[in-house]
Amino acid sequence: MSLTEYLEVESKRAEESRIRWRQELDLFCELAEFYERLCAAVKISDIKIKIPSDLFLHVMKLMYGVASQVLRGRLSDAEMLTRGAIEATAISYRLWEHPELIDIYQEAYPYIGKTEDPSLWKPSQAYKENFSTGKLFGQKGKTWDTLKHFYGMCSAMATHAGPGALASHETRKNTRFL
């Protein structure tokens, strides 16, 4: 299938999904509007609020992307975006709970300005230690257990190139299809 054909199928699938899942889409749109109102209500007074607020906006953007990808039948892309939203939520909570980590978060990539440096995208040791999965999801309770579970599932199914990322492939007439 060519890219043009793929995009046509994807567009048709999105339109069919909007019709089939109209009630769910309407409810999702109401949730998105609630998020927008909530965001407008936050007044930024200092850095302790700014970064979690920015991460909240990031989660909102990812939420829109998840809905868009689900409507198009692109579930692994939706899972990848969901993983990002869960991670951003956990980081935001960690920064809210531990504002002393804001500098470490802001300086997570110390080589960012050195474009020729092979360490350009290597996070600092302090960032790795303070924002590890264990630290992000170390809280007690069912909510955190559920978030950690879905974070792991989305990692396995969409982010990492393990067997889970291949789960949506199928064989038809001795040819592999996505």
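Residues numbered from 1 in each chain as written. Predicted model: local features only at pLDDT ≥ 70, side-chain atom pairs only at ≥ 80, totals over all residues. Heavy atoms only, no water.

Chemist: Any details on the overall build of the protein chain? Residues and values, ideally.
Modeler: Counting its secondary structure elements, the protein chain contains eight helices and two strands. Walking the protein chain from its N terminus toward its C terminus, one meets helices and strands in the order α-α-α-α-α-α-α-α-β-β. If one aligns the C-alpha atoms of the protein chain with their principal axes, the spans along those axes are about 55 × 40 × 35 Å. Counting all 178 residues of the protein chain, 26% fall into the buried class. Considering only contacts within the protein chain whose residues lie at least 6 apart along the sequence, 53% involve residues at least 24 apart. (Helix = DSSP H or I, 4+ residues; strand = E, 2+ residues; numbered from the N terminus. Buried < 20%, exposed > 50% of the residue type's maximum accessible area, 1.4 Å probe, protein only. Contact = heavy atoms within 4.5 Å.)

Chemist: Describe in detail helix H4 (residues 75–97), supporting the description with residues and values.
Modeler: With 23 residues, H4 extends 32 Å from end C-alpha to end C-alpha; this agrees with the ideal 33 Å at 1.5 Å per step. Among the residues of H4, Asp77, Ala78, Leu81, Arg83, Ala85, Ile86, Ala88, Ala90, Ile91, Ser92, Arg94 and Leu95 are the ones counted as buried. In this structure, the buried residues of H4 make contact with helix H3 (47–71), helix H5 (102–106), helix H6 (125–130), helix H7 (133–136) and helix H8 (142–159). (Expected span 1.5 Å × (residues − 1).)

Chemist: Pulling in residues and values, what's your account of the pattern of salt bridges?
Modeler: Enumeration over the complete set of coordinates arrives at nine salt bridges. Residue glutamate 10 pairs with arginine 74 through a salt bridge whose shortest N-O separation is 3.2 Å. Separated by 64 residues along the polypeptide, glutamate 10 in helix H1 (residues 3–20) and arginine 74 in the loop between H3 and H4 bring together distant segments of the chain. Owing to a relative accessible area of 12%, glutamate 10 belongs among the buried residues under this scheme. (Salt bridge = Lys/Arg side-chain N within 4 Å of Asp/Glu carboxyl O.)

Chemist: So what about the packing of aromatic side chains? Which residues, and what values?
Modeler: This structure, assessed with the given rule, holds ten aromatic pairs. Between phenylalanine 137 and tyrosine 151 the ring centres are 5.0 Å apart and the planes differ by 40 degrees, which places this aromatic pair in the tilted class. With a gap of 14 residues between them, phenylalanine 137 in the loop between H7 and H8 and tyrosine 151 in helix H8 connect regions that are remote in the sequence. There is no split in this pair, since phenylalanine 137 and tyrosine 151 are both buried. Through a chain of ring-to-ring contacts, the aromatic side chains of Tyr93, Trp96, Phe137, Trp144 and Tyr151 assemble into a single cluster. (Phe/Tyr/Trp six-rings, centres within 6.5 Å; stacked < 30°, edge-to-face > 60°.)

Chemist: Describe the nonpolar core, listing the residues and the values that go with them.
Modeler: Ranked by size, the top nonpolar core spans 22 residues in total, and within it Leu55, Ile91, Leu95, Phe131, Leu136 and Phe137 carry the most contacts. Listed by contribution, the elements that provide at least two residues to this core are H3, H4 and H8. For this core, the element with the most residues is H4, which contributes eight residues. (Core = buried A, V, L, I, M, F, W, Y, C linked by side-chain atoms within 4.5 Å.)

Chemist: Lay out the environment of glycine 65 with the relevant residues and their values.
Modeler: Summarising the element assignment, glycine 65 is placed in helix H3. Spatially, the C-alpha atom of glycine 65 lies 30 Å from that of glutamate 129, the residues being 64 residues apart in sequence.

Chemist: Describe a nonpolar patch on the surface, and please don't skip the residues or the numbers.
Modeler: There is a patch of nonpolar side chains on the surface, built from Leu31, Phe34 and Leu38 and spanning about 250 Å² of accessible area. Tracing the sequence through the fold places leucine 31 in helix H2 (residues 22–41). (Patch = residues over 30% accessible without salt bridge, like charges linked within 9 Å, V, L, I, M, F, W, Y side chains within 5 Å. Areas by Shrake-Rupley, 256 points an atom, 1.4 Å probe, with all protein chains shown as cover.)

Chemist: Residue-level account of the packing of H3 against H4, with values.
Modeler: It is at 9 Å that the axes of H3 and H4 come closest, and there the two elements cross at 165 degrees. Of the possible angle classes, the one that applies to H3 and H4 is roughly antiparallel. Regarding H3 and H4, the two cross each other, and that crossing is left-handed. Here H3 contributes Ile51, Pro52, Leu55, His58, Val59, Leu62, Gly65, Val66, Gln69 and Val70 to the contact with H4, which in turn contributes Leu75, Asp77, Ala78, Leu81, Thr82, Gly84, Ala85, Ala88, Thr89, Ile91, Ser92 and Leu95. (Axes fitted to C-alpha atoms, helices over the stretch in contact; angles between N-to-C directions. Parallel < 35°, antiparallel > 145°, perpendicular 65-115°, else oblique. Left-handed = near helix turned anticlockwise from the far one by under 90°.)

It is worth stressing that arrangement in space is one thing and function is another; only the former is reported here.
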